[in-house]
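So you can see what is in the structure, the chains are spelled out below.
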Amino acid sequence: MQATRLIAIRHGETAWNVDTRIQGHLDIPLNDTGLWQARQVARALASEPLSAIYASDLQRAHTTARAIAEATGAPLVAERGLRERSFGQLEGRTFAEIEAELPEQARRWRQRDPHFAPEGGETLVQLRERIAATTHRLAAQHTGGLVVLVAHGGVLDVLYRLATGQELQAPRTWQLSNAAINRLLWTPEGLTLVGWADTQHLDTATRDETTA
């Protein structure tokens, strides 16, 4: 059975990553470090035979993806289905502010309650369903090819869980570093993990935030 090779990339760093401020669907640009990371990952993928690049339409992901498209010549398509989890009223707050101002929501979030949705936001179950459906749809269009998905920390967390069978509420023990290279294999039966959190192309420490 033909498979699709996937490279999943978390966008480069933003100022809100540094501040541990929840971005969700808010459209925050890359900072200078993030722009450098985008150039580095683009350089690392320049010789890869890419069939297509799909990126979240939020600018922190799309800017990262555009650097890869310029380096490889692969077509770039904005894909709303690859957006970060919507955090509703939590967006714009720091982790510390959420703990202080909304302790019950903070508790359910920290416990990874799969059915908890911040007001106006998504549950983890809804996020998983969206990412699984989007990945299946995109990968099925390129069987036998190599596709890049440029997205967000929460999206990559779901991809890792789908590929390894980890439950939504299981504690995370894997890295979600900005601009790391993560490789998966897709078939109609699902995802498998090939390689994760390759940061050899980045010569400075990368930030690892749970959500961006």
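Calculation notes
- Residues numbered from 1 in each chain as written.
- Predicted model: local features only at pLDDT ≥ 70, side-chain atom pairs only at ≥ 80, totals over all residues.
- Heavy atoms only, no water.
- Helix = DSSP H or I, 4+ residues; strand = E, 2+ residues; numbered from the N terminus.
- Rg over C-alpha atoms; globule rule 2.2 N^0.38 Å.
- Contact = heavy atoms within 4.5 Å.
- Areas by Shrake-Rupley, 256 points an atom, 1.4 Å probe, with all protein chains shown as cover.
- Lys, Arg positive; Asp, Glu negative; His and termini not counted.
- Charge placed at Lys NZ, Arg CZ, Asp CG, Glu CD.
- Buried < 20%, exposed > 50% of the residue type's maximum accessible area, 1.4 Å probe, protein only.
- Polar contact = N/O pair within 3.5 Å; in protein donor to acceptor, adjacent residues only side chain to side chain.
- Pairing = 2+ DSSP bridges.
- pLDDT = per-residue confidence, 0-100.
- Axes fitted to C-alpha atoms, helices over the stretch in contact; angles between N-to-C directions.
- Parallel < 35°, antiparallel > 145°, perpendicular 65-115°, else oblique.
- Nonpolar A, V, L, I, M, F, W, Y, C, P; charged D, E, K, R; others polar.

### Details of the overall build of the protein chain
- Of regular secondary structure, the protein chain possesses seven helices and six strands.
- For the protein chain, the N- to C-terminal ordering of α and β elements is β-α-α-β-α-β-α-α-α-β-α-β-β.
- Rg of the C-alpha trace for the protein chain: 16 Å, near the compact-globule value of 17 Å for 212 residues, within the 12% margin.
- Considering only C-alpha atoms, the protein chain reaches an extent of 50 × 40 × 25 Å along its principal axes.
- The long-range fraction of contacts in the protein chain, counting pairs at least 24 apart against all pairs at least 6 apart in sequence, stands at 71%.
- Here the protein chain displays about 9,100 Å² of accessible surface, and carbon together with sulfur accounts for 48% of that area.
- Charge centroids of the protein chain, computed over 22 positive and 25 negative side chains, lie 1 Å from each other.

### With respect to the environment of Arg108
- Mapped onto the elements, Arg108 comes out in helix α5 (residues 103-110).
- Given the relative accessible area of 29%, Arg108 is considered partly exposed.
- Separated by 37 residues in sequence, Arg108 and Gly145 have C-alpha atoms that sit 40 Å apart.
- In contact with Arg108, not counting residues within four places along its chain, are Asp113, His115 and Phe116.
- Of the polar contacts made by the side chain of Arg108, one reaches the side chain of Asp113; its length is 2.9 Å.

### Regarding the pairing of strand β6 (residues 190-198)
- As paired elements, strand β5 (residues 181-187) and β6 share six bridges and run antiparallel to each other. Note on β6: the bridge partner recorded for Trp186 is Leu191.
- Counted along the chain from β5 to the antiparallel partner β6, the turn is two residues long.

### Digging into the confidence of the model for the protein chain
- Taken as a whole, the protein chain shows an average pLDDT of 95; of its residues, 95% reach a score of 70 or greater.
- This stretch, residues 205-212, has a pLDDT under 50; its non-local contacts, to residues over four places away or in other chains, come to 38 contacts.

### So, the packing of helix α6 (residues 124-140) against helix α7 (residues 153-164)
- Axis separation between α6 and α7 bottoms out at 10 Å; the angle between their running directions is 75°. Considering the angle they form, α6 stands roughly perpendicular to α7. Together, Leu127, Arg128, Ile131, Ala132 and Thr135 of α6 and Gly154, Val155, Val158, Leu159 and Leu162 of α7 make up the contact between the two elements.
- Residue composition of the contact of α6 with α7, by class: seven nonpolar, two polar and one charged.

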